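So the chains spell out like this:
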Amino acid sequence: MADLGLGASFVYSALPARVVFGAGTLANVRDEAERLAIARALGLTTPAQAEHGRAVIDLLGDRAAGAFHGATMHTPVGVTATALAAFRELAADGVVAIGGGSTIGLGKAIAARTGAPQLAIPTTYAGSEMTPILGETEGDQKTTRRSLDVLPETVIYDVDLTLGLPAALSGTSGINAIAHAVEALYARDANPIISLLAEQGIAALARALPVIAGDPGDRAARSAAQYGAWLCGVCLGAVGMALHHKLCHVLGGTFGLPHAETHTVVLAHAVAYNAPAAPAAMARIAHALGGAERSAARALHDLAGAVGAPRSLAELGMPGDGIDRAADLAVANPYWNPRPLDRSAIRDLLARAFTGAPPQ
Ligand code: NAD
């Protein structure tokens, strides 16, 4: 009998979510709001995507209460308070968030405080729409909670909304998604179902992203990337993340580095660090990235190059004297990791990521 690689035992929890996937699916937004019994929706966007918000409000018609265009990075509680005031003033009873992880985060923050149902319409590949996780900031303090109360009930993926995602952000956002699946494959609570989704998600994105870098309007590649991002988001919501995500949280929180770009620079280095401790996961990652000839770390480094992504933390604005501080913070309150954390090796990893050297 063939060994399915199931391991001795595992736990798998499915998260409830309804997904509407395709092209032109935004047209379903009113029906989907009705399905959630949302009679007065508050539309959420960033200032840059106000146009997307207006399109949603038009389509919601009599089920729209109004819009809030002030979503911003890191879900600051002050912005949530302003959005919440609008939610109450407009007598809204549900949120429709259209945008990237920042906007979907604001929808989750409102749901956490009101119990309102959420319809999420992602326009990047970050994956927040598939997770029961909410990160919020107050001053320089970040808190994270995990609760089904913040998981969007319905997600509409419409490839048309991603055609305008700039090429540079498409590449980094896609590699941000791949990072979720990579860490799911060596997670402490990894399970065979999520590992299947992880491999498929990595493969779809790895094939699509270089095509998108050359032609951001390629609909087939955009569709594959969005499908991959969905699967990778499921991975993030289902199992624990490790060193890579810890490093990105430290770097983002301490030096204000941009989210998707930081993930892109760090991923190959974190994978190289973990490779000796997770050979089976590495083989699956390398396979999903196109073959066993290159190591998983090398293939990720090459993918970042193929999409023209930044390669060094220095070019993202990290100060050189921050390397030691970041190494200290990464080993303080660490996430579980397949390879034990060694401060000196992590410092070396950060030094290589700082200069943009290939992973080792
Ligand atoms: P983002 O939401 O901050 O978007 C970046 C910018 O791109 C914004 O100005 C946005 O309006 C714009 N944009 C988005 N889609 C566009 C499109 N199709 N066309 C043109 N412009 C577009 O970036 P992100 O990387 O999607 O999300 C990052 C945030 O999400 C971080 O705060 C991160 O912590 C959070 N996040 C949370 C989770 C979770 O599970 N809680 C998961 C992933 C990310």
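Residues numbered from 1 in each chain as written. Predicted model: local features only at pLDDT ≥ 70, side-chain atom pairs only at ≥ 80, totals over all residues. Heavy atoms only, no water.

Caption draft 1: Highlighting unusual backbone geometry. A positive phi angle, near 55 degrees, is found at alanine 91, a position not held by glycine. Position of alanine 91 among the secondary structure elements: in the loop between helix 3 (77-89) and strand 4 (94-99). One non-glycine residue with positive phi stands out, namely asparagine 333, at about 45 degrees. Structurally, the position occupied by asparagine 333 is in the loop between helix 12 (323-331) and helix 13 (343-355). Here asparagine 333 falls in the exposed class, since its relative accessible area comes to 67%. (Helix = DSSP H or I, 4+ residues; strand = E, 2+ residues; numbered from the N terminus. Buried < 20%, exposed > 50% of the residue type's maximum accessible area, 1.4 Å probe, protein only.)

Caption draft 2: Molecular detail of the sheet that holds strand 8 (residues 154-158). Here we have six strands laid out as an open sheet, ordered 1-8-5-4-2-3, and parallel in their pairing. Pairing within the sheet leaves two strands with one partner each, and these edge strands are strand 1 (18-22) and strand 3 (64-68). In this sheet, adjacent strand axes meet at a mean angle of 15 degrees when their direction is disregarded. Alignment of strand 4 against strand 5 (residues 118-122), held across five bridges, turns out to be parallel. Counted as the bridge partner of glycine 99 is proline 122 from strand 5. Contacts from helix 2 (residues 50-60) reach strand 2 (41-44), strand 3, strand 4 and strand 5 within the one sheet, and its direction differs from that of strand 4 by about 140 degrees. (Pairing = 2+ DSSP bridges. Axes fitted to C-alpha atoms, helices over the stretch in contact; angles between N-to-C directions. Contact = heavy atoms within 4.5 Å.)

Caption draft 3: Summary view of helix 4 (residues 101-114). Helix length check: helix 4, at 14 residues, gives a terminal C-alpha distance of 20 Å against a target of 20 Å (1.5 Å per residue), a fit within 8%. Turning to helix 4, its buried residues are Ser102, Thr103, Ile104, Gly105, Leu106, Gly107, Lys108, Ala109, Ile110 and Ala111. Residues of helix 4 that are buried sit in contact with strand 2, strand 3, helix 3, strand 4, strand 5 and strand 6 (133-138). Just past helix 4, the residue glycine 115 takes up positive phi, approximately 75 degrees. (Expected span 1.5 Å × (residues − 1).)

Caption draft 4: The site of the ligand, seen in detail. In the neighbourhood of the ligand, 21 residues make up the surrounding shell, with Thr46, Ser102, Thr123, Thr124 and Thr131 lying closest. Serine 102 is positioned such that a nitrogen or oxygen atom in its side chain is 2.6 Å from an oxygen atom of the ligand. One of the side-chain N or O atoms of threonine 131 is found 2.5 Å from an oxygen atom in the ligand. Protein chains shield 82% of the accessible area of the ligand, which is 870 Å² for the free molecule. No other element matches helix 4, which puts three residues into the shell around the ligand. Classifying every residue of the shell around the ligand gives eight nonpolar, twelve polar and one charged. (Near = heavy atom within 4 Å. Polar contact = N/O pair within 3.5 Å; in protein donor to acceptor, adjacent residues only side chain to side chain. Areas by Shrake-Rupley, 256 points an atom, 1.4 Å probe, with all protein chains shown as cover. Nonpolar A, V, L, I, M, F, W, Y, C, P; charged D, E, K, R; others polar.)

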